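One-letter residues, chain by chain:
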Amino acid sequence: MSLTLSLILPREQALLAAALAPYLAEVAPRASIDPARRAGQMLNRKDVTAFWIRNGTQRIGFAIVLNLPDDRRELSEFCILPQHRRRGWGQEAARTLLREFPGRWRMGLSASSADAVAFWGTCLSAMPGIRDLRQGAPFTEHQIKSYSFEIAGAHDD
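Everything numeric in this text was worked out from a predicted model, so none of it was measured.

### Section: the sheet that holds strand 5 (residues 103–110)
Item 1. Read from one edge of the open sheet, seven strands run 1-2-3-4-5-7-6, paired in mixed fashion. Each edge of the open sheet carries a strand with a single partner, namely strand 1 (3–7) and strand 6 (130–136). In this sheet, adjacent strand axes meet at a mean angle of 25° when their direction is disregarded.
Item 2. In this structure, strand 5 lies alongside strand 7 (residues 143–151), joined through eight bridges in antiparallel fashion.

### Here's the deal with unusual backbone geometry
Item 1. At D71, a position not held by glycine, the phi torsion is positive, near 55°.
Item 2. Among the structural elements, D71 can be located in the loop between strand 3 (58–68) and strand 4 (72–80).
Item 3. With relative accessibility at 52%, the residue D71 sits in the exposed group.
Item 4. In this structure, D132 takes a positive phi of about 55° despite not being glycine.
Item 5. One can find D132 in strand 6.

Definitions and limits used
- Residues numbered from 1 in each chain as written.
- Predicted model: local features only at pLDDT ≥ 70, side-chain atom pairs only at ≥ 80, totals over all residues.
- Heavy atoms only, no water.
- Pairing = 2+ DSSP bridges.
- Helix = DSSP H or I, 4+ residues; strand = E, 2+ residues; numbered from the N terminus.
- Axes fitted to C-alpha atoms, helices over the stretch in contact; angles between N-to-C directions.
- Buried < 20%, exposed > 50% of the residue type's maximum accessible area, 1.4 Å probe, protein only.

The following block contains the structure:
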């Protein structure tokens, strides 16, 4: 079964907060971020699009996209829940998300998650349609580096 993305609705704030709590402990363990407050912020900003990553009807992760000016995007948060990792779903979810929104992207990588750094290095270097992949400085003190790139649309390959 292939993965799908579905919008996270404001009424699902408690579900997102429950998924954010272990994610934030993993990627920013020294940060004082309240998962419930963060979920509320994400779901009520007009420049943010939040998605569940689903395998059938099961929520296996989430992705938070910040919509920047000039049709650019930042992958603000991306998580495959721990019990669903190491099955190839993260790469499939990343491909699905990025191909859905072609154009310029950027993302920061957590200094606390060596797994995330390894995942994104492999995932982005192998992704079809990716152009101008560059490493850069981190955006926050909780990050080790960033990536910027352009992803081609399905008709651009």
